[in-house]
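Read off the chains here:
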Amino acid sequence: ELQGKLDEVQVQNHELQGKVDSMEGKLDEVQQQNHDLREKMDTVEEKMDDLKLLLEKVVTNTGAARLINEKQHSTRTVNPAPLIDGQKDNLSLQWIIIQRRGQYGNLANFFAKSMADYKTGFGNTTGEFWLGLAE
């Protein structure tokens, strides 16, 4: 009778060990997924930092600001949503309009321009508009 109980306990122990092994395998998978997600998150954060730096360059570029003042004789305050850094407490930011598309009565191929046009800019700030690439 003791041998029967010992055999039964050994079977249960074997079953429990199988479950532990299975759970350890799943834990390894979850840890690997977590590691992969952290790497992707790091990549996304690096790209966000790059985008923030690029945005700062666009906003602080004096040539772009001068060009905007020449083409658009006033500034407009807008309520941006969402802001690029996720903050929503400052609802009065000035934005540089680099491109505007819309239904302004222009032909469908209005933006089919030469490289020279893309360098200097074209359109008007009350309709379809491209700021230009040159300072």
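Everything numeric here is computed off the predicted structure, so don't read it as measured data.

Regarding the sheet that holds strand E4 (residues 122–123)
Link 1 in the chain: One open sheet holds the 3 strands; their spatial order is E3-E5-E4, and the pairing between them is antiparallel. Looking along the sheet, the strands with just one partner apiece sit at the ends: strand E3 (99–100) and E4.
Link 2 in the chain: By the bridge criterion, 2 bridges tie E3 to strand E5 (residues 129–130) in an arrangement that is antiparallel. Residue pairing in the sheet places glutamine 99 in a bridge with tryptophan 130 of E5.

Looking at the confidence of the model for the protein chain
Detailed reading of predicted coordinates is not advised where the pLDDT is low.
Link 1 in the chain: Averaged over the protein chain, the pLDDT score is 75; the fraction of residues at 70 or greater is 69%.
Link 2 in the chain: For the stretch residues 61–92, pLDDT sits under 50, and the model shows 40 contacts to residues farther than four places along the chain or on other chains.

So, the side chain of glutamate 128
Link 1 in the chain: With respect to the helices, strands and loops of the structure, glutamate 128 is situated in the loop between E4 and E5.
Link 2 in the chain: The exposure class assigned to glutamate 128 is buried, which follows from its relative accessible area of 5%.
Link 3 in the chain: A polar contact of 3.4 Å, which involves the side chain of glutamate 128, links it to the backbone nitrogen of glycine 102.
Link 4 in the chain: For glutamate 128, the side chain forms a polar contact with the side chain of asparagine 106, separated by 3.0 Å.

Brief notes about the nonpolar core
Link 1 in the chain: Ranked by size, the top nonpolar core spans 5 residues in total: Phe110, Phe111, Tyr118, Phe122 and Trp130.
Link 2 in the chain: Once you skip the residues sitting within four places of it in the chain, phenylalanine 111 turns out to touch Gln99, Arg100, Arg101, Tyr118, Phe122, Glu128, Phe129 and Trp130.

Rules and cut-offs
Residue positions are counted from 1 within each chain, in the order its sequence is given. Given that the model is predicted, a residue must reach a pLDDT of at least 70 before its local features are reported, and side-chain atom pairs must reach 80 or more before they are shown or counted; all residues, however, enter totals for whole chains, interfaces and linings. For side-chain calculations, the full set of non-hydrogen atoms in the structure is used, while hydrogens and water are omitted. A pair of strands is considered paired only if DSSP assigns at least 2 bridges between the two. For the purposes of this entry, the term helix denotes a DSSP run of H or I that reaches at least four residues, the term strand denotes a run of E that reaches at least two, and both are numbered from the N terminus. Each residue carries a pLDDT score, the predictor's confidence in it, ranging from 0 to 100. Contacts between residues were defined by any pair of non-hydrogen atoms, one from each residue, lying within 4.5 Å. Only protein chains enter the accessibility calculation, which uses a 1.4 Å probe; a residue is then buried when its area is under 20% of its type maximum, exposed when over 50%, and partly exposed in between. N or O atoms within 3.5 Å of each other form a polar contact, as long as, within protein, one can give a hydrogen and the other can take it, and as long as residues adjacent in sequence are counted only when both atoms are side-chain atoms. Put simply, a nonpolar core is a bunch of buried Ala, Val, Leu, Ile, Met, Phe, Trp, Tyr and Cys residues held in one set by side-chain atoms that sit within 4.5 Å of each other.

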